[in-house]
Amino acid sequence: MTKALVVGFGSIGSRHARVLTELDCSVSVVSSRSIIDFKNYRSLEDALLHFAPDYVVIANETSAHLGTLQHLADSGYEGMILVEKPLAVHPVNLPEHRFRQVAMAYNLRFHPLLNALREALAGEEVIAVQVYCGQYLPDWRPGTDYRNSYSAKKELGGGVLRDLSHEVDYMRWLFGDWRRLAALGGQLGELEIDSDDCWGLLIEYERCPVATLHINYLDRSGRREIVVNTKKHTIKADLKSSMLEYDGKVRSLNYQRDDTYRAQHIAMLAGDTSLLCKLEEGVQVMKFLSACETAASTGQWVSR
């Protein structure tokens, strides 16, 4: 039985722990909180010593991701690691390590809708892409005060640009490396947070000359969709409703929220890297986010 350790037990950490349990892993947790359902270690050192995990999921706040990864490298850990997105607050150098396998938790790569879109785009010449992702931050974590979440706190790595970097990753996954970008954004709404809440980006990719990305914490109804125009077709993927529209013809894909997390863990445990986001790709996401902030602060295009 695989021994899986989840570092951090917020909403995403608890989801990882539950899904891994359903996959018949022996699950323990590192958290300062009181945990009832899982064996809980107060420090990573104790967990490595007494639990000796085969698989570690780093799911604490963004600002602690790199330190946790560095700690595992320094301890000589040689197992598997999945790091929740994003990798860090700012672009970083990766620590030297002996990990058997390490990946970033961009689980939307396992979404059946995005895989269907990727398949549909094979061999197509892409002209333009529009991506929109918005969700009202106070609705993200029912039963908790959004003002106390890491998302609301800039010093913890919160902010919509990093929280919704799934879109940044899958756009690169679908359309190749970015070439140049322009950006507007920051803290623009009236939420009681000190992190950014709204961004609009204009991007040129290797496979797409015109792409726009809009992300926000402000959309009360919630939207997550992508529209692609190629030379021959228009394809729309609505991730909220799990609908794929191809030249006006709509089909629905069965999907539950846990499915992408489950598929991601199955791939990690099986050593199947075909859809996983490599750690180095996580670094590229961080460089992209840094370029967005530079473009917004200078009012100029930034090239890769």
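Going by the structure above, here's the rest.
So, here is what we can say about the structure in this document. What you see is a predicted model, and the numbers here were worked out from it, not measured in a lab. In this convention, every chain numbers its residues from 1, walking through the sequence in written order. Totals for whole chains, interfaces and linings use all residues, but because this is a predicted model, local features are given only for residues with pLDDT of at least 70 and pairs of side-chain atoms are given and counted only at 80 or more. Derived side-chain values reflect all non-hydrogen atoms in the structure, with water molecules and hydrogen atoms excluded from consideration.

Turning next to the overall build of the protein chain. Numbering goes from the N terminus for both helices and strands, where a helix is a DSSP run of H or I of at least four residues and a strand is a run of E of at least two. Counting its secondary structure elements, the protein chain contains 8 helices and 16 strands. Throughout, radius of gyration means the C-alpha value; the globule benchmark is 2.2 Å times the number of residues raised to the power 0.38. The C-alpha atoms of the protein chain give a radius of gyration of 19 Å, which matches the 19 Å a tight globule of 304 residues would have. Dimensions of the protein chain, computed from the C-alpha atoms along their principal axes, are close to 55 × 40 × 40 Å. Throughout, a contact is declared for two residues whenever any of their heavy atoms are within 4.5 Å. Once local pairs closer than 6 in sequence are excluded, the contacts in the protein chain between residues at least 24 apart make up 65%. For the area figures, the Shrake-Rupley method with a 1.4 Å probe applies, and any residue is considered shielded solely by the protein chains shown. Of the roughly 13,900 Å² of accessible surface on the protein chain, a fraction of 47% belongs to carbon and sulfur atoms. With 34 positive and 39 negative side-chain charges, the protein chain shows a spacing of 2 Å between the two charge centroids. Only four residue types enter the charge count: Lys and Arg as positive, Asp and Glu as negative, with His and the chain ends excluded. Taken as the charge location is NZ of Lys, CZ of Arg, CG of Asp or CD of Glu.

Strand-to-strand pairing in sheets goes through backbone hydrogen bonds, with the strands running parallel or antiparallel. A sheet is described by the order of its strands in space; here 7 strands give the open sequence β3-β2-β1-β4-β5-β6-β15, paired in mixed fashion. For this open sheet the edge positions go to β3 (39-41) and β15 (277-278), each flanked by a neighbour on one side alone. Strands are labelled as partners when DSSP assigns at least two bridges between them. Note that strand β1 (residues 3-7) and strand β2 (residues 26-30) share 5 bridges and pair parallel. Bridge pairing links valine 7 to valine 30 in β2. An axis is simply a line fitted to the C-alpha atoms; with a helix, the fit covers only the stretch in contact. Between two such axes, the angle follows the N-to-C directions and lies from 0 to 180 degrees. Seen against the sheet, helix α1 (residues 11-22) touches β1, β2, β4 (55-58) and β5 (80-83) and runs at an angle of roughly 170° to β1.

Before going further, it helps to examine helix α6 (residues 165-175). In this scheme, a residue with accessible area under 20% of its type's maximum is buried, one over 50% is exposed, and one in between is partly exposed, where area comes from a 1.4 Å probe on protein chains only. Burial within α6 is extensive, with 10 of its 11 residues counted as buried. Those residues of α6 that fall on the buried side of the exposure criterion are Ser165, His166, Glu167, Val168, Asp169, Tyr170, Met171, Trp173, Leu174 and Phe175. Of the residues trailing α6, glycine 176 is marked for its positive phi of about 85°.

Mapped onto the elements, glutamate 84 comes out in the loop between β5 and β6 (101-104). Basic side-chain nitrogens of Lys or Arg form a salt bridge, by our definition, when they fall within 4 Å of a carboxyl oxygen of Asp or Glu. The charged side chain of glutamate 84 is buried without a salt bridge, its nearest counter-charge being lysine 85 at 5.3 Å. Each polar contact in these results corresponds to two N or O atoms within 3.5 Å; when the atoms are within protein, one needs to be able to donate a hydrogen and the other to accept it, and residues that are neighboring in sequence are counted only if both atoms are side-chain atoms. Among the polar contacts made by the side chain of glutamate 84, one reaches the side chain of histidine 16 at a distance of 2.8 Å. Ignoring any residue separated from it by four or fewer positions in sequence, one finds glutamate 84 in contact with Ile12, His16, Ile58, Ala59, His65, Met104 and Ala105.

The next point concerns the pairing of strand β13 (residues 243-246). Looking along a regular strand, one sees side chains alternate from face to face of the sheet. Note that strand β12 (residues 234-238) and β13 share 4 bridges and pair antiparallel. Considered in β13, the bridge of isoleucine 235 is made with tyrosine 246. Count of turn residues in the β12/β13 antiparallel hairpin: 4 residues, of which serine 242 carries a positive phi of about 55°. Sheet analysis places β13 next to strand β14 (residues 249-252), joined by 4 bridges and oriented antiparallel. By the bridge assignment, leucine 244 is partnered in β14 with arginine 251. A loop of 2 residues connects β13 with β14, the two strands running antiparallel in sequence, and aspartate 247 in this loop sits at a positive phi of about 50°.

A few words now on a nonpolar patch on the surface. Like-charged residues are merged into a patch within 9 Å and nonpolar side chains (Val, Leu, Ile, Met, Phe, Trp, Tyr) within 5 Å, provided each residue has over 30% relative accessible area and no salt bridge. A cluster of nonpolar side chains, Leu202, Val210 and Trp301, forms an exposed patch at the surface whose accessible area comes to about 260 Å². Following the sequence through the fold, leucine 202 ends up in strand β9 (residues 198-205).

Topologically, lysine 236 is positioned in strand β12. Between the alpha carbons of lysine 236 and arginine 18 there is a distance of 32 Å; along the sequence they are 218 residues apart. Not counting residues within four places of it along the chain, the set of residues in contact with lysine 236 comprises Glu225, Ile226, Val227, Met243, Leu244 and Glu245.

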